[in-house]
Structure formats: C-alpha cells, structure tokens
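# Structure assessment
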Amino acid sequence: MEFPQQQKPPGDGKIVYPPGVKEITDKISNDEVVKRLKMVVKTYMDMDQDSEEEKQQYLGLALHLASDFFLRNPNKDVRLLVACCLADIFRIYAPEAPYTSHDKLKEIFLFITRQLKGLEDTKSPQFNRYFYLLENLAWVKSYNICFELEDCNEIFIQLFKTLFSVISNNHNQKVQLHMIDLMSSIIMEGDGVTQELLDTILINLIPALKNLNKQAYDLAKILLKRTVQTIETCIANFFNQVLVMGKSSVSDLSEHVFDLIQELFAIDPMLLTSVMPQLEFKLKSNDGEERLAVVRLLAKLFGAKDSELASQNRPLWQCFLGRFNDIHVPVRLECVKFASHCLMNHPDLARDLTEYLKVRSHDPEEAIRHDVIVTIINAGKKDLNLVNDQLLGFVRERTLDKRWRVRKEAMMGLAQLYKKYCLHHEAGKESALKISWIKDKLLHIYYQNSIDDKLLVEKIFAQYMVPHSLDTEEKMKCLYYLYACLDTNAVKALNEMWKCQNMLRGLVKELLDLHKLRNTFFSLLLNLPDAGKAQDFMKKFNQVLSEDEKLRVQLEMLISPTCSCKQAEICVREITRKLTFPKQPTNPFLEMVKFLLERIAPVHIDSEAISALVKLLNKSIEGTADDDEEGVTPDTAIRSGLELLKVLSFTHPTAFHSAETYESLLQCLKMEDDKVAEAAIQIFRNTGQKIETELPQIRSTLIPILHQKAKRGTPHQAKQAVHCIHAIFNNKEVQLAQIFEPLSRSLNADVPEQLITPLVSLGHIAMLAPDQFASPMKSIVANFIVKDLLMNDRSVGNKNGKLWTTDEEVSPEVLAKVQAIKLLVRWLLGMKNNQSKSANSTLRLLSAMLVSEGDLTEQKKINKSDMSRLRLAAGAAIMKLAQEPCYHEIITPEQFQLCGLVINDECYQVRQIFAQKLHLALVKLLLPLEYLAVFALCAKDPVKERRAHARQCLLKNISVRREYIKQNPLAQEKLVSLLPEYVVPYMIHLLAHDPDFTKPHEYEQLKDIKECLWFMLEVLMTKNENNSHAFLRKMAENIKQTKDAQCPEDAKANEKLYIVCDVALFVIANKSTACHLDCPKEPVLPSKFFLLQDKAIRTHTGVFVSQPKPAPVLAAVNKTLTVPGRRIFKTTTASDTTSNTSTNSSPLKSENNYRVFPKRHPRFVLFFYSDFLCVFQDAPGQKATPDAGTEASPVKRRGRPPKAATASAAAEKEGAAAPAGGGAGRGRKRAADASGDAVNAKTSKQQQQNDEGTKRQIDLQR
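Per an unreviewed UniProt entry, the recorded name for the protein chain is PDS5 cohesin associated factor A, and the organism is Kryptolebias marmoratus. According to the UniProt record, the Subcellular location (unreviewed entry) comment for the protein chain reads "Nucleus".

The following block contains the structure:
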C-alpha cells in the first residue's frame, strides 16, 4: 500500500497559526516557543475530526511541527508539547495522516516514543501532559499507521521497551491500561509478532528480571492474557525452533526456555496449547540432563495449585509418570519430590502416583527412598485424607529399611502423624482410627538389633507418644490409655524398653560406685550408638566424673530411685550445661552423654505419676473414667492398667510406696477378674518390702487375702501369692506353714478339679523353702503324687481322635497330672541336690511317660490330646531339670534323646511349644550346649514354618553364644560349654541314635541324616571364623576314633555313629574349601557320649587324605579366614522337593537310587568303608538292596512325611488328628526298644491285678 501524496497548505504556502499565536521560528527564545506551543496544543486539543475547514487551515502548521527544528529541539518542554500536538494531529486527520513520507513518519513515531520516557517521573509537573500523550496515542491507536512502514518493527520494539522500562508501582491503573491498549492493538491488528518483539515481552518473565521489576512483569502478564489468541502461534513457533529443531540462536532467551514455559503456563495455559506436545518429545530425550530439566519444569506445571494440565493432557501426564522409572537417578529423585506438591494440590491424582511411589519406595538409591517418605509424610501432615492407606503402608515398610537415614525418617514421620492426629485429635476420631496402627508399629521396632533403632523408639515414646512435657495427670492419662490400646507385642516392647532403661540406670550406679568398672564399661557401650567412639567418650566421661564432684552428685541424684521427673529434667540440664564448655560448633562427646542421660532420666515415672495412674485405675473401677471415649472398655482399661502398674513395679518399685496406692491395689485383689487380682499380687510382691515395717494396716489386710489366693485362687494367683509372702514378710516360714499344712491334708485325687491350685502352691512352697518342708514333701511325692495321682487313670477320656484341644477341653485329671509333674520339678529345683536319689527316680518316671507316649499306665483310658499334654509336660520337665547342674550330670544319654525327640512329636502344638521353651532356655544360657543339637531334628518337621522357626532359633542362639564369648574374657576357659561348634559331637551322637535310623545302608534314611546335619552345619558354617571349618572337620574325624559311650560294645551302634560322621565330613567338605587347613587346636569330645578306643582295635573307617600343601598354620582363636563355600552336587529327584535345604546346597545327590560321587577337589579323596559305600555303587537302573541281616518290619516314619502324606501336615496344623503312619510320626515308640534298658521301672509289692489292667509304680526313694 502506498501513502497518498502529501497535502499542500492553502494559498501561497504561508503557515496559519491559531488566533493569538505568533509565528514560531528558531529566532525566538525557548520560553517564547513553549508559550506559543502551549496555545497551539490547546487549539489542537479542541479540534475534532469533523472540523474540515480548520483541518485545512492548520495543515501547514501540522507539517511545520514535523520539521527538524521541533523534532530535534534540545528543550525537553518543547519536545513534549510538539509530541502532544503531533498526537492530536494524528487523531484529527485520522485515518489518513498529513505526513506521507515513510521516513518522516518513522522519524515522528520514534520521536513520540522517546517522549513517552517522561512517564517515568510521576512527580514531574509535566506528568499530566505525558499521560495525555499516552492516552491520546492509545485511544486513537496512532501506531497502527506504522504497519505500512517496512521497518515498523524497529518502532514497535522501541515503544515496547520504553513502556516496560518506565512502568512502576507509582503509576495508577489507568496508566497501565493505556499501555496495554497501545501494545495490544499493535499485536492484535498486525500481521504477526516478530521474534525480536516477542523477546521484548518475554524477557520480563525471566525470574531474575521479574524480581527486579515486578510492574513490568505484571504488564507483560496482562498483555499476554489479552492477546493470547494472536500471540500463541508466535510463542509456539519460538518454542518449536528451540525445543524441537534445536535452534538456540533464534533468540537470546533460548537458555531460559523452561523458565518461560513455566511463567507462561502460570499466566494462561492457552498460551502453550501447541507447546506441550513438544515437551513430551523432550521427555524422551537421550540426554539425562535434558530430561531432568523437562521433568523439573513439568513437575511445577502439574503440581501448580490450580493446574488442570494432567486432566487436559493425559498423554503428557502418562509420559511424565514414566520418568519415575527413569534410569537417571536425579530424574527419579525430582519425580519423587514433585509427588509431595501433587498430593497436596491435586488429591485426585493420588491413585496415579501410588503405584509409582510404591516402586520408588524400593529404589536402590537411599536418597530416593528417603524422599518418598518425606513426600508422603509432608502430605499427611497437611491433611491426612491426602494420603491413602497404601501410601502410609510404604512408610511403614521403610521403618525396616537397611539404611538408618531412611528408617529414621520413616519412624519420625509416623511419630509426627501420630502426635498430630491421635494425641491432639486435630482431624477427629475417624482420622485417629485410620492411623491407630502407628503406635504398635513404632514400638515393634524396639525388637530390632540396632541400638540406633532402640534409641529412636525411646525418643519417640518420650516426645511424641507420651510427651514428657505434659503435666503429670495429662501425661499419665495418655500413658494409661495408650497401654490399654497396644497389641501384645507392642506391650512387650514397651516393657522391655523400661527394663532396659532401668538396667542402664543400674549400670551407671555401678560406674559411680566404681564397682566392676571394666564390665560396666562394656555394657554401657552396648547401649550407646557407635560403640567404637563411645568407648573413648565413656573414658572421658569417667574422667570428668572423677574430677567434678558436683557433676557426680547430679548424676547420683538422677539415678536415685526417689528422683522425680522435675528433678530429672533439672539434673539433665545441669549436667549438659557443665559439659557444654568450651562451646564448639559440634561436640560429639556432649551428644553421646546426652544419649546416655536421655535413656536413664526418669522423665515419665515417679511417685506422683504412679499416684495419678492409680487414680485413673480407681476411676475405671468406679465407672467414672473416660474409657469409652478413649476407645477401650472399662474391663480392658482396668486389666491393662494393672498390667502397666505391674511392669512399672519392676522398674520403679520405690514410687509405689504409699498407703493410697496399696489401698487401691487391695481393692483390685477383691475384684472378680482373675487377671486383675494376679497383677495386683505381683505388684505387692515387687514393691512391698517395707509394708511390714511401715504400713502395718496394709499388712494385716493383705495377709488373709494372700492365704485365700494361695489356697483357692487360680494357679497363677496361687503362685504369685506364695512368692509374695516369701518376698515381703519376715515371718514367711510361719505364713508358708499355715498354707502348706491344710493344703497337704486336703489333697484328694478323686476330685481333680480341686487339686490344681493346691499342687501349684505346694510346688512353689517346696521350691522356696526346701529345708522347712523336706520331710512332708517327700511323703506327699511318694504316696500321693506318684502312687495315687500319676499312676492311676480314674476317668476315661473323650475319644475324639484330635491330637490337641483347647485348655478348656482338657480333662481336670490331666491338668492335675501336668501340675503334679511340675511339682516334682519344683521340689527338685528347691533341693538342688540328689543325695536321696529322688532325681534319678523322677527322671525315670518322666522317661517312662515319654516312652508310653503319655499313657503311663498303658490302660488306653487317656485320649490322644491329653496324651499330647502329658508328653509335652514330661519333655519340658526333663529340660527344666537339665538347667540345674547337679541334675544335668545324672541325665543319661537315653533320657536326653527321649527329651529331644519331643521336638519331632506327631502333634504340631507339642512341637511348637517345646521348641519355644527350648529356645528360651538356650538363649538365656540356662541349658547345656548339648540341647542345642535337638534343633537339628527340626529338619524332619513336615511344616515349613516350624523349620523356618527352628533355623531362626539356631541363628539367635549361635549369635548369643558368640557375643557372650566376645564380651566375657573369662569365657575362654569354658569354650567347651559355650562355643557353638562344640554342638557337633552332640548332634552326631543324637542322630546316630535317631529311632528312624534303623538301616544305615538305606538311601532315604541316609538322606534324612544328611538333611539334619546340613540344617545345623549350614548355620554354623556361614562364616569361617577362626578356622572353624577345619575345626569341625577335625572334630568329626576324632569322633571316628572313639566308641559310642552309650553302648560301646554294640557294633551296629558304633557303625551308625561312624556313618553319621562320614556324612558330616562329606557335608563339611562340600560346604568349604578351607576345611582341609591344619587345625592346631585339638577338639575336646564329651566323655559322657564318646569313649576312646585302643588303636589296635579301631574299625576301618573313612578318613580325609590330603596332599601336602604349604599353608601357614592358622590360630584356632585369633585369626579369621573366610572361604566361600563350594556346591558340588545338585538334587534333581522329585523326592527332594520337600527338602529344607535348597537343591544347590545339598551335598548328596539322588538319581533313581543310583549314587555316584563325582570327582572332588584334587586335594581331597573321600573314602568310605565298604559297607557304607556299597549303597551308592549299584549299577544304573538297580536299587540298593540291604543285607538280609538288616531286614526289618516297616517302621513309621517320624518327621517330614513322604509325598503321599504331605497333605496330612496341613490338617495336623489345624488341630485335626493325623492319620496313622502319616504326618509327623512320633519318636517315642521307636525309642522304646533303644532305651528300654534305661527305664528301670520297679513294680511295687502292693501291686495287684485288676480288671483295668496292670498298673506300674516308680519307687522314687530308690
């Protein structure tokens, strides 16, 4: 388009000025120019577009004002007035300007643009004229004339830069609106926006400039919103060139592309309609850093509060979620961090995020697992409804993470949620119920071995679960109802925590008393984090204590039984203050001391706290407490309250000593709830040492109640009553006699229901006062317990065929017999000697009980479930007696084997309970080492869970024994009874006498032996500590040079012993390549089980022959050599599918009963004597045939069943009767023949034949 020819002024070209305005030339002063221009401005302001005559009249003046004299005038006021005139001229002459020259128009608009800079100073006296200029230009859209110019972009860029630079917070809204009108008209009515002009707008969105000039950012934001339809195409073109085509040179803003996208999205998502697909392309880039930048951007876009991008662009959302599984760690980390904002701002997307967070919660990177926890917890703290149960479950899992940082974050996060929603009830009962599991889970972590976990649980309990900062009444109410709501395992953990803290207070007291300093030091170190550094810090702390008497006094006060919670806080503060100097940025020593003080300070329990707990208990008893509001029934609150007090009576007995507390406990003794009364008695037992001297009124009330409980209470109450009397009264002999005499006279086997409590009381009295009641107890045992009760079956049991029934279904007579067996044990434990040979007789009686499968009289009156109870009682009794050294010595190998075989009982519950009792006794180091060998028999258990449990028991026991040896230097002198490796001789001997091991040449029986050996050796040989593998080999070889002490002249028994040794040697050799090393320490074999034989008459047995090897001799005690185990064989037969060991770890191989030993390591050749080896050397396709002399009738299989019988194991676990010959067969019938000589049951002279059959009596006085 071409401009029309420039208009000419009328007449002779003389310039016409408005009336009263003289000619304006360069010959007059600036002041006069300004004065005359103001009148011209006034004239043009009054003119409108319809004044054709005036327009023509003043055309010459309009052209004159565009001359260089005015456009380049140095006077600021002149330029402003000229600009105002020119703006009005464009308005008056619109739509055609009087200036037709392109160059002149460009010069005029650039001149006007420069004058707009005057808008910057709002306090200038000329600001109104500048505003008029802006308003006029915006209203008329004068700059649209420039569209016809070729280089109009230069004018627009200059205009935009000017407006963005002058805008400030001093301008009112009208100024901003006029600027927007002026710029938007240029964008919307033009042919397009060039990249340079777009940059002029977008540069104001860059974060750095945005913070410098917030008003320019707002101006650009409003401009983009108004012109979104027009400018969106230009923006899309810009991002397409930068993101897709990689042309970063198209704009100086290319490096800020992601910041610009974020800002544009915040302004109006419509601006990026065409850009989002380009981001999806970038998400799949091969450059990890580029993907990271895009992920960071999209995280902000998706996570923005009002963003609907995820719902509007599902493909992009799904592509973004895929980055949660990115190979680049920073990308995954950024995705996890984004999830927190997304959960808080967009709860509707939680379902999409859950599965991806689940995967990342198991990420190999610690930082990512940590941030998953932070993400979920932060959302939960904002609103619990934002996180679903599955997300909370991820946090729950991470409390067991292998990394401490992750575990700590998960535990602390759950603790914060618990305090906010359960303790403070910030979101109502429904939310509290949703996370009620947190309290139990946090306390369960106390079972972990890490001291860091234990310390954190203690801290969480003191700060979040029962905040010590609360006042006493509120604090105890919190504790009271928390304890009532905990599950069983959490209660045990809390009890253990208090016991541990009490133990630590005792250790600090020992330190202060300077007793057993070395052992005390070591024990203290185990209760502090980082034992290595803790050792140095504790030495320093001990030095500080010796030098600072005031500090020592404060510490003594802190651990004093009478220290109150407030005093404890003061003491901790004072001790910490004394150790703070000199001040340091980090003081590890002070932190370690704080750990110790936090553990020993009684911040919860003192006399005032116990009184508050007792008051809460009284309210529950009276029915005035808030039990229902707290979510527990009054009965539960009372019972758990008593249990809580019972635990605290162990750790804080002094705090209970008040008449008010004891009066409340006396009321509990009178309640009908047996558990409540039992707990109350135990509290008296633990805390009542001063009752007799200081509270005579309580004493006089308590004594008759204890007598009544000992005579007619429940068995548990009777036990606690007897122990309570023995613990707190000075005249206990008189008190116990007053109970013993009437009970002993009232014993009547015909009324078994009334026997149980008296038997319990008599048993405990005999244990506590053995000398006082020695003679009458001997008579009771001989004439009543054995002769009248155990050797008689008065009732016929219900033949329901079940192997186990509930306690309520057990007949009273059997319950009485069980208590009678326990009475025998307690009586012997009280005597602690075998001068009267009563222990021998009792052991024979218990053995007979096991041999007869629980039916001692063999009259078949007792049903199977009752027989199971009696077998369990007999086995547990032998195990209990073995804990006393004087009785352990007289237990014969046959009796030990009978006891051990209970772990293979046909009844699942018997096996389960016996294994638990065995484990508890072993882990406390109460039982001799030989009983650890019994766990090897668990390899035959048909139930996988029982085998797994047995393996865990083995691991725990071995760990405890090794740790005990490390902690106690004196233990080196008792290695034979402590070192776990010394269990091998006992295991070999036990397996050699296994009743199932009847045919030493039969493959299936050898396979069972191998599995039992492997069950134990696999755990023992996990590490080759102190050359232990060679030590085990040496031990097995030495056994082969001995005879079986149980039956030294029995060739078959010795043969079985040597065969078990050979299998053990083969297992060891296949497990370890280090077993061939020399073993300088000679193993010691127990003479009770093995006898040395003369070299001249040794049987020819297989031995290891090794080629000479130049290897250093390793010390058996102080040098460790770890060698990875070798796997030689693989078991491929179907019969091995039920094996407890993996096929890769099995040292024997079976294939159609054809046994071939592949070549071993060249240094080793394993030789078996001919009888053993023939089992494995049959030709292919032929079965091994035992010798004619070894043929025997089929024997019921004990332990794991064959394939056909595996189904019965599941039914047995449910309590159903096991089919005969199936499931886990019993070992007692098979033991009867082997140990028959050992069970010497003498028949009484008064024995008579009756219709019920023959009865036997064991003479306990023998």
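Alright, that's what it looks like, and here's the rest.
Along its length, the protein chain carries 58 helices and four strands. Counted over contacts in the protein chain with a minimum sequence separation of 6, partners at least 24 positions apart contribute 74%. Split by element, the accessible area of the protein chain, about 56,500 Å² in all, is 50% carbon and sulfur.

In this fold, Arg332 is placed in helix H19 (residues 329-345). Looking at Arg332, its side chain comes within polar contact range of the side chain of Asp363, at 2.8 Å. Sequence-distant contacts of Arg332, defined by excluding residues within four places in its chain, comprise Arg323, Phe324, Asn325, Asp326, Ile327, Arg360, Asp363, Glu365 and Ile368.

Applying the stated criterion to the full structure yields 44 salt bridges. With a closest N to O distance of 3.0 Å, Lys646 and Glu643 form a salt bridge. Of this pair, Lys646 and Glu643 both sit in helix H35 (residues 634-651), three residues apart, roughly one helical turn. Here Arg911 ties to Asp941 by a salt bridge, and the two come within 2.7 Å at their closest N and O atoms. Here Arg911 is found in helix H49 (residues 908-923), whereas its partner Asp941 is found in the loop between H49 and helix H50 (944-967), with 30 residues between them in sequence. The residues Arg911 and Asp941 share a single accessibility class, namely buried. A single salt-bridge network, built from bridges that share partners, covers Asp68, Arg72, Lys104 and Glu107.

Another aspect to go through is the packing of aromatic side chains. Under the defined criterion, the tally for this structure stands at 22 aromatic pairs. For the pair Phe147 and Phe156, a centre-to-centre distance of 5.4 Å together with 65° between the ring planes defines the contact as edge-to-face. When its relative accessible area of 3% is taken as the criterion, Phe156 is described as buried. Pairing Phe324 with Tyr356 gives two aromatic rings, centres 5.7 Å apart and planes at 40°, and the pair type is tilted. With Phe324 in the loop between helix H18 (314-322) and H19 and Tyr356 in helix H20 (residues 350-360), this pair connects stretches of sequence that are 32 residues apart. Judged by its relative accessible area of 0%, Phe324 falls in the buried class. The residue whose ring lies beneath Lys454 is Tyr446, and the NZ or CZ to ring-centre distance is 4.8 Å. Lying across the ring of Trp804, Arg869 places its NZ or CZ 4.1 Å from the centre.

Where helix H21 (residues 366-382) meets helix H23 (residues 404-423), the axes come as close as 9 Å, and the angle between the chain directions of the two elements is 5°. If you check the angle between H21 and H23, you find them roughly parallel. Between H21 and H23, the contacting residues are Glu366, Ala367, Arg369, His370, Ile373, Val374, Ile377, Gly380, Lys381 and Lys382 on the first element and Arg405, Val406, Glu409, Ala410, Gly413, Leu414, Gln416, Leu417, Lys420 and Tyr421 on the second. Residues of the contact of H21 with H23, tallied by class, amount to nine nonpolar, four polar and seven charged.

Time to look at the layout of surface pockets. If you add up the space inside the second largest pocket, you get close to 2,000 Å³. His716, Lys719, Lys822, Arg826 and Lys917 are the residues nearest the centre of the second largest pocket, which is lined by 46 residues in total. Looking at the lining of the second largest pocket, the elements that each hand over two or more residues are helix H27 (472-485), H35, helix H37 (674-687), helix H40 (715-728), helix H42 (756-768), helix H44 (812-831), helix H46 (864-881) and H49. With eight residues, H44 is the single largest residue contributor to the lining of the second largest pocket. Its residues assigned to classes, the lining of the second largest pocket comprises 23 nonpolar, nine polar and 14 charged.

Further remarks concern a negative patch on the surface. Side chains of Asp471, Glu473, Glu474, Glu608, Asp628, Glu629 and Glu630 sit close together on the surface and give a patch of like negative charge. If you trace the backbone, Asp471 turns up in the loop between helix H26 (451-465) and H27.

The next subject is helix H45 (residues 838-851). Compared with the 20 Å implied by 1.5 Å per residue over 14 residues, the 20 Å span of H45 between its first and last C-alpha is a close match. In terms of residue burial, H45 counts as a mostly covered element, since 12 of its 14 residues are buried. The set of residues buried in H45 consists of Ser838, Ala839, Ser841, Thr842, Leu843, Arg844, Leu845, Leu846, Ser847, Ala848, Met849 and Leu850. Glu853 sits one or two positions beyond H45 and adopts a positive phi of about 60°.

We now examine the confidence of the model for the protein chain. With 83% of its residues at a pLDDT of 70 or more, the protein chain has an overall mean of 80. Contacts for the low-pLDDT stretch residues 1095-1262, under 50 throughout, to residues beyond four places or in other chains number 326 contacts.

So, about a positive patch on the surface. A contiguous patch of positive charge on the surface is contributed by Lys499, Lys719, Lys822, Lys880, Lys917 and Lys924. Considering the arrangement of structural elements, one finds Lys924 in the loop between H49 and H50. Its relative accessible area of 57% is what places Lys924 among the exposed residues.

Right, let's talk about the nonpolar core for a bit. By size, the foremost hydrophobic cluster in this structure holds 364 residues, and its most contacted members are Tyr44, Tyr143, Phe239, Ile261 and Phe935. A total of 13 residues in this core trace back to one element, the largest contributor, which is helix H5 (residues 76-93). In contact with Ile261, other than residues within four places in its own chain, are Phe239, Leu243, Leu272, Val275, Leu279, Leu297 and Leu301.

The next point concerns unusual backbone geometry. Even without glycine at this site, His425 takes up a positive phi of about 50°. Within the secondary structure layout, His425 lies in the loop between H23 and helix H24 (428-434). Among the residues examined, His425 registers a relative accessible area of 43% and is labelled partly exposed. Look at Glu853: it is not a glycine, yet its phi comes out positive at around 60°. In this fold, Glu853 is placed in the loop between H45 and H46. What makes Glu853 buried here is its relative accessible area of 6%.

With that settled, the discussion passes to the packing of helix H15 (residues 276-283) against H18. Across the interface, H15 lies against H18 with an axial gap of 10 Å and an inter-helix angle of 20°. The orientation of H15 relative to H18 falls into the category roughly parallel. When the axes of H15 and H18 are compared, the crossing they make is left-handed. Of the residues in H18, those touching H15 at Met276, Leu279, Glu280 and Leu283 are Pro315, Leu316, Cys319 and Phe320. By residue class, the composition of the contact of H15 with H18 is seven nonpolar, no polar and one charged.

Between its first and last C-alpha, helix H32 (residues 565-580) extends 22 Å over 16 residues, near the 22 Å set by a 1.5 Å rise per residue. Within the span of H32, buried status applies to Cys565, Ala568, Cys571, Ile575, Thr576 and Leu579. End-on, the buried residues of H32 take up no more than an arc of 125°, which puts them together on one face. With respect to the buried face of H32, the exposed residues turned more than 90 degrees away are Lys566 and Arg573.

Together, Ile203, Leu209 and Leu212 give the surface a local cluster of nonpolar side chains, amounting to about 280 Å² of exposed area. With respect to the element layout, Leu209 can be found in helix H11 (residues 207-212). By relative accessible area, Leu209 is classed as partly exposed at 35%.

Conventions used here
Along each chain, numbering runs from 1 in the same order as the chain's sequence is written. Two thresholds apply to this predicted model, a pLDDT of at least 70 for residue-level local features and 80 or more for giving and counting side-chain atom pairs, whereas whole-chain, interface and lining totals are computed over all residues. Values shown for side chains rest on all heavy atoms present in the structure; no hydrogens or waters enter the calculation. UniProt positions are given in the numbering used here, feature names are shortened, and annotations may be inferred rather than shown by experiment. Strands here are runs of E lasting at least two residues and helices are runs of H or I lasting at least four, both read from the DSSP assignment and numbered beginning at the N terminus. Here, two residues are considered to be in contact whenever any of their heavy atoms come within 4.5 Å of each other. We get accessible surface area from the Shrake-Rupley algorithm with a probe of 1.4 Å; when it comes to residues, only the shown protein chains can shield them. Contacts described as polar in this section are N or O atom pairs within 3.5 Å, which, within protein, must combine one atom able to donate a hydrogen with one able to accept it, while residues neighboring in sequence count only if both atoms come from side chains. When a carboxyl oxygen of Asp or Glu is within 4 Å of a side-chain nitrogen of Lys or Arg, the pair counts as a salt bridge. Exposure is judged per residue with a 1.4 Å probe applied to protein chains only, and the accessible area is read against the type maximum: over 50% gives exposed, under 20% gives buried, and values in between give partly exposed. Each aromatic pair joins two rings of Phe, Tyr and Trp (for Trp, the six-membered one) with centres within 6.5 Å, and gets the label stacked for planes under 30 degrees apart, edge-to-face for over 60, and tilted for any other angle. Two conditions define a charge sitting above a ring: the NZ of Lys or the CZ of Arg must be within 6 Å of the ring centre, and it must be within 35 degrees of the ring normal. Axis definition: a line fitted to C-alpha atoms, limited for helices to the stretch in contact. Angles are taken between N-to-C directions and run from 0 to 180 degrees. When describing relative orientation, an angle under 35 degrees is termed roughly parallel and one over 145 degrees roughly antiparallel, while 65 to 115 degrees is termed roughly perpendicular and anything else oblique. Classification convention: Asp, Glu, Lys, Arg as charged; Ala, Val, Leu, Ile, Met, Phe, Trp, Tyr, Cys, Pro as nonpolar; all other residues, Gly among them, as polar. A pocket, in this scheme, is an open set of points on a 1 Å grid over the protein atoms alone with protein on both sides within 12 Å along at least 5 of 7 lines, while a cavity is a set where a 1.4 Å probe fits but cannot get out; residues line either one if an atom lies within 4 Å of a point. Grid points are joined across faces, edges and corners, and a volume is the space filled by probe spheres set on the points. Patch membership is restricted to residues that have no salt bridge and whose relative accessible area is over 30%. Joining uses 9 Å for like charges and 5 Å for the nonpolar side chains Val, Leu, Ile, Met, Phe, Trp and Tyr. Think of it this way: Lys and Arg go in the positive column, Asp and Glu in the negative one, and His and the chain ends go nowhere. Lys charges are placed at NZ, Arg charges at CZ, Asp charges at CG and Glu charges at CD. Under the convention used throughout, the expected extent of a helix is 1.5 Å for every residue step, that is, one less than its residue count. pLDDT runs from 0 to 100 and stands for how confident the predictor is about each residue. In plain words, nonpolar cores are sets of buried Ala, Val, Leu, Ile, Met, Phe, Trp, Tyr and Cys residues tied together by side-chain atoms within 4.5 Å. The crossing is said to be left-handed when, going from far helix to near helix, the turn is anticlockwise and less than a right angle, and right-handed when the turn is clockwise. The arc in question is the one spanned by the directions pointing from the helix axis to the C-beta atoms.

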